[in-house]
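Summary of the model geometry
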Amino acid sequence: TWVEPDANMPCGESIVRQFLYGQRYFRKEFGISHCRVFWLPDTFGYAAQMPQVMRGCGIKYFMTQKLSWNQVNKMPYNTFYWRGLDGTDVLYHAPPGDTYCSHAKVKDVLYSVSNNRQRGTVPDAMIVYGHGDGGGGPKEDHLEMLTRFAKCAALPRIKFAHPERFFDHVEATYGRDNLPVWEGELYFEYHRGTYTSQAATKRNNRLCETLLHDCELLGAMAVVLHGAARTHYRRALLDDCWKKLLTNQFHDCIPGTSIGMVYEDMDVWYAAVVDALVAYRSTLLRALLDADDAVANTLSDERVERVSGTVVRLPPLAVTTLSRATATATATIGADDTVPPTSSSSSAAAWKLPA
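Calculation rules
Residues numbered from 1 in each chain as written. Predicted model: local features only at pLDDT ≥ 70, side-chain atom pairs only at ≥ 80, totals over all residues. Heavy atoms only, no water. Buried < 20%, exposed > 50% of the residue type's maximum accessible area, 1.4 Å probe, protein only. Helix = DSSP H or I, 4+ residues; strand = E, 2+ residues; numbered from the N terminus. Pairing = 2+ DSSP bridges. Expected span 1.5 Å × (residues − 1). Axes fitted to C-alpha atoms, helices over the stretch in contact; angles between N-to-C directions. pLDDT = per-residue confidence, 0-100. Contact = heavy atoms within 4.5 Å. Core = buried A, V, L, I, M, F, W, Y, C linked by side-chain atoms within 4.5 Å. Phe/Tyr/Trp six-rings, centres within 6.5 Å; stacked < 30°, edge-to-face > 60°. Lys NZ or Arg CZ within 6 Å of the ring centre and 35° of its normal.

Some thoughts on the pairing of strand E6 (residues 294-297)
Neither face of E6 is open: one carries Ala294 and Ala296, the other Val295 and Asn297, and all of them are buried. For E6 and strand E9 (residues 318-321), the ladder comprises 4 bridges, and the chain directions are antiparallel. The partner of Val295 across the bridge, within E9, is Thr320.

Structural data, given as structure tokens:
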């Protein structure tokens, strides 16, 4: 993925874009045609839809460690198939060492064996070593110790391997019929308040997600109706906005678990995304209708709302002028119909970044 994201609060499209931009980056920078392992050691729980999204993005293996911190309901397995809402599954592994920055000492190796909840049936396990949480990675002494351990008959057998090779080995050795299946959400019990802390950040995230949806939809409509030359579909702008938003969805940012200066930086990026997309949306509406009073419904359901004090009714995925929408609403809304209050989500209204 583009970053190590939160896996609960971003919308489904954002999760898909995390994989899209992450795969593109690995292909461009490292020449890797396609990553098959979703490496997410430190994120605070995983929504039940994730296996379906992962499989749709070419991911078949999933590694995390965080659920070992659960306070009451400990995960009963280290290796299993995680099945999503639609029946799709991925092979899951949580290193039994209960850490993503092992110091690779003898006690760490032995604990990885004794703490493996399936050591009688699936004895193979990962050790994730190095200064992981600080971004430093493995040091020379880590590599030296593990190399020596591999030659020591009194210790478990150790082999250096790529994560994909580990997962391929587990799948081939133990098989789908011999591994347990976990269905639904993987809930993390330790970090509390991640749905509510830094509420403005969460609102800004959803605002940017909505604006990106609207601009991509209107841009596609403009291309189909008028051709790309006239509408100037701005892919570079959309890519830049997506990358800023995806970065802000890092698993210590959007949950509200970072220090204050992080949110100051995030607000700058949120404001930049909102300003750019609001201006771009106005440009697209003028390109579609060549009118200053264009209104749009970018939802897949009909909307009846007040825009600038006027009641409008718009069918799904529609763009028209305010005068035409008003005429339609006047002809179809009866005296008993309930009209929502003035909405700030209409394309004719101004989008404001919350304080």
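Describing helix H9 (residues 260-289)
With 30 residues, H9 should cover 44 Å at 1.5 Å per step; its first-to-last C-alpha distance of 44 Å lies within 8% of that length. Among the residues of H9, Tyr263, Met266, Tyr270, Val273, Val274, Leu277, Tyr280, Arg281, Leu284, Leu285, Ala287 and Leu288 are the ones counted as buried. Directly after H9, the chain includes Asp290, whose backbone phi takes a positive value near 55°.

A closer look at the sheet that holds strand E5 (residues 181-183)
As summarised here, the arrangement of the 5 strands in space is E1-E2-E4-E3-E5, forming an open sheet in which the pairing is mixed. In the strand order of this sheet, the two ends are held by strand E1 (37-39) and E5, each with one partner. Across the sheet, the mean angle from the axis of one strand to that of its neighbour is 30°, orientation sign disregarded. Bridge analysis of strand E2 (residues 61-63) against strand E4 (residues 89-93) gives 3 bridges, and the strand direction is parallel.

Observations concerning the confidence of the model for the protein
For the protein, mean pLDDT is 87; residues scoring 70 or higher make up 90% of the total. Note on residues 329-355: pLDDT under 50 across the span, and 56 contacts to partners over four residues away in sequence or across chains.

Focus: the nonpolar core
One finds Leu212, Leu238 and Leu277 to be the most contacted residues of the largest nonpolar core, which totals 27 residues. When residues of this core are traced back to their parent elements, those giving at least two are helix H6 (199-226), helix H8 (235-248), H9 and E6. Of all the elements, H9 adds the most residues to this core, at 10 residues. Those residues in contact with Leu212 that lie beyond four places of it in its chain are Leu238, Cys241, Trp242, Leu245 and Leu277. Ala7, Phe38, Leu40 and Val90 belong to the second largest nonpolar core, which has 23 residues in total.

Describing the packing of aromatic side chains
A ring pair, where both rings are aromatic, is described by two values, the distance of the centres and the angle of the planes. Within the structure shown, the criterion is met by 20 aromatic pairs. Plain terms: the ring middles of Phe62 and Trp82 are 5.5 Å apart, the flat faces sit at 35° to each other, and that makes the pair tilted. Taken together, the residues Phe62 in strand E2 and Trp82 in strand E3 (residues 79-83) connect sequence positions 20 residues apart. Trp82 sits in the buried class, given a relative accessible area of 0%. Summarising the aromatic geometry, the rings of Phe80 and Tyr92 are spaced 4.1 Å apart at their centres and angled 20° between planes, so their arrangement reads as stacked. With Phe80 in strand E3 and Tyr92 in strand E4, the pair connects residues that are 12 residues apart, well separated along the chain. Summarising the burial analysis for this pair, Phe80 and Tyr92 share the class buried. Among the aromatic residues, those joined into a cluster by ring pairs are Phe19, Phe38, Tyr46, Phe62, Tyr77, Phe80, Trp82, Tyr92 and Trp182. The aromatic ring of Tyr81 is capped on one face by Arg176, whose charged end is 4.2 Å from the ring centroid.

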